[in-house]
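Coordinates in review
The chain contents come next:
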Amino acid sequence: MGNLSSLMFPLLLVLLAVPLFLSARKQKRAMAEQKNLQDSLAPGDKVMTTSGLYGTVADASHETTIDIEISEGVVTRWLRAAIREKVAETDEAVIEDKTDDAEEEVPATTAQVAEPLDHSAKK
């Protein structure tokens, strides 16, 4: 029994150390991928920021910042770290289709307009 208890502590340390080691490797890999993405940005790339803003890279010549055109003639400056991902053309087309559908409003017909309720007591 004493032999089993002497193995318990090292086994517990191994069980705690392995997940920490694996998660640290995963995080380091994700950070390297993000750094490669930020370094590979070039004018004309479609991107999405961490806040969900879509735009086109206008100028990527600065070391820590990047200029993004969010609308025709509207260019804003962002930190490179704020770029989440490059966006494929098909993804942007789907987003534009969804916003077009949301803007269409159906006019109300007389059948859809509710009649006011008469709350007067009739006795």
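Parameters at a glance
Residues numbered from 1 in each chain as written. Predicted model: local features only at pLDDT ≥ 70, side-chain atom pairs only at ≥ 80, totals over all residues. Heavy atoms only, no water. Salt bridge = Lys/Arg side-chain N within 4 Å of Asp/Glu carboxyl O. Helix = DSSP H or I, 4+ residues; strand = E, 2+ residues; numbered from the N terminus. Buried < 20%, exposed > 50% of the residue type's maximum accessible area, 1.4 Å probe, protein only. Pairing = 2+ DSSP bridges. Axes fitted to C-alpha atoms, helices over the stretch in contact; angles between N-to-C directions.

**Details of the pattern of salt bridges**
Across all of its chains, the model carries 3 salt bridges by this definition. With a closest N to O distance of 3.4 Å, Asp39 and Lys35 form a salt bridge. Separated by 4 residues within a single helix, Asp39 and Lys35 lie in helix H1 (residues 2-39), roughly one turn from each other. On the basis of relative accessible area, Lys35 is assigned to the partly exposed category, the value being 48%. For Asp67, the salt bridge goes to Arg77, with nearest N and O atoms at 2.8 Å. Here Asp67, found in strand E3 (residues 65-71), pairs with Arg77, found in strand E4 (residues 74-79); they are 10 residues apart in sequence, far enough to count as distant.

**Overview of the sheet that holds E4**
One open sheet accounts for 5 strands, arranged E4-E3-E2-E1-E5; its pairing is antiparallel. The strands lining the two open edges of the sheet, one partner per strand, are E4 and strand E5 (83-86). Direction aside, the axes of adjacent strands within the sheet are offset by 45° on average. Pairing between strand E1 (residues 46-49) and strand E2 (residues 54-59): 3 bridges, direction antiparallel. Bridging across to E2, Met48 finds its partner in Tyr54.

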